[in-house]
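A structural walkthrough
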Amino acid sequence: MKPVGAITRGTTNPNRLRRVDNFIAYHCGPLLKEAAQPLVVDLGYGATPVTAVELRERLADAVRVDVTVVGLEIDPVRVSAAQPFADPPWLEFRRGGFELAGLTPVVVRAFNVLRQYAEDEVAAAWRTMTATGAVLVEGTCDELGRIATWTVVEDGTPATLTLSARLPVLEHPAVFAERLPKALIHHNVPGHPVHELLRALSRAWETEATPFGPRQRWLATVRRMRAEGWPVLGGPARWRLGELTLPWPA
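A few words on the sheet that holds strand S8 (residues 243–247). The strand order S3-S2-S1-S4-S5-S6-S7-S8 describes an open sheet built from eight strands, whose pairing is mixed. What marks the edges here is a single partner per strand, and that holds for strand S3 (91–95) and S8. The mean angle between the axes of side-by-side strands here comes to 20°, regardless of whether they run parallel or antiparallel. Packing of helix H4 (residues 122–129) onto the sheet brings it into contact with strand S1 (39–43), strand S4 (107–111), strand S5 (135–141), strand S6 (147–154) and strand S7 (157–165), and relative to S5 it is tilted by some 140°.

Here's what the structure looks like:
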């Protein structure tokens, strides 16, 4: 199949996607455990395949040992360079784009990909990547993976938004504004829900200043958000990891 999409910058780093990998194991683990063929596609893994290798290792450890990861890249040079890291049938690298090279995965991870596209291209990409029933986890992060945001998309429709931070280095939740998914980053202006979300999160963080460290401050911040009426999902076990997840309509 002809790959759909464009070659992206391809920058990556080891452990850059650890936060979202942890979330995929948690959120998509039941689906993978029940699947007859637990296939995960890592779309646009970049100039080196390190994050695809890590994804396979983490899901094998946390979900099921026979999970299969296929890394897809439009750039044939990147596909060739990744072959020494392949471990068939558990880890493979192929040429492909949003059409997923004809595969029918259970889960698709597409990180730091759509950020390099125009906003009006996002919805079509979502629909294409979920057309065969896959759950898509799409988002962006900083260069070291300390600040990340992602959305879970099902049947082309976004279901949730997650903000995630490495709490020991989180100075202020305002930093999430720079790493919002492409579908939201241009809407962080007065009158839009994501702008109100970040304002409320900043107010809660500033109100909950504490001498007991950033983790306790984050927990108190998330509890305040829920108390103020924000439909925060999950519980303390996820919040302790630096996550805040809400339904997309919020």
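The end-to-end C-alpha separation of helix H1 (residues 18–34) is 23 Å, in line with the 24 Å expected for 17 residues at 1.5 Å each. Taken as a whole, H1 carries its principal kink of about 65° at Cys 28; the proline Pro 30 stands between one and four residues after it. What H1 keeps buried is the set Arg 19, Val 20, Asp 21, Phe 23, Ile 24, Ala 25, Cys 28, Gly 29 and Leu 32.

Moving on: the pattern of salt bridges. A full pass over the atoms with the stated rule returns 13 salt bridges. When the shortest N-O distance is used, the salt bridge between Glu 73 and Arg 78 registers 3.4 Å. In this pair, the class of Glu 73 matches that of Arg 78, namely buried. Arg 78 is the salt-bridge partner of Asp 75, the closest N and O atoms lying 3.5 Å from each other. The two residues Asp 75 and Arg 78 agree in class, both being buried. When salt bridges that share partners are traced, they join Asp 21, Asp 42, Glu 54, Arg 58 and Arg 109 into one network.

Packed helix pairs are characterised by how far apart their axes lie and by the angle those axes make with each other. Here H1 crosses helix H2 (residues 50–62) at 45°, and the two axes come no closer than 10 Å. As the angle between them shows, H1 and H2 are arranged oblique. Crossing geometry of H1 relative to H2 is assigned as right-handed. Here H1 contributes Arg 18, Asp 21, Ile 24, Ala 25 and Leu 32 to the contact with H2, which in turn contributes Glu 54, Leu 55, Arg 58, Leu 59 and Ala 62. Residue composition of the contact of H1 with H2, by class: six nonpolar, no polar and four charged.

Moving on to unusual backbone geometry. Note the cis peptide between Pro 88 and Pro 89, where omega equals 0°. Considering the arrangement of structural elements, one finds Pro 89 in the loop between helix H3 (76–82) and S3. Its identity is not glycine, yet Asn 15 carries a phi of approximately 65°, on the positive side. Tracing the backbone shows Asn 15 in the segment before H1. Even without being a glycine, Leu 100 presents a positive backbone phi close to 65°.

Parameters and conventions
Residues numbered from 1 in each chain as written. Predicted model: local features only at pLDDT ≥ 70, side-chain atom pairs only at ≥ 80, totals over all residues. Heavy atoms only, no water. Pairing = 2+ DSSP bridges. Helix = DSSP H or I, 4+ residues; strand = E, 2+ residues; numbered from the N terminus. Axes fitted to C-alpha atoms, helices over the stretch in contact; angles between N-to-C directions. Contact = heavy atoms within 4.5 Å. Expected span 1.5 Å × (residues − 1). Bend = angle between axes of the 7 residues up to and from the residue. Buried < 20%, exposed > 50% of the residue type's maximum accessible area, 1.4 Å probe, protein only. Salt bridge = Lys/Arg side-chain N within 4 Å of Asp/Glu carboxyl O. Parallel < 35°, antiparallel > 145°, perpendicular 65-115°, else oblique. Left-handed = near helix turned anticlockwise from the far one by under 90°. Nonpolar A, V, L, I, M, F, W, Y, C, P; charged D, E, K, R; others polar.

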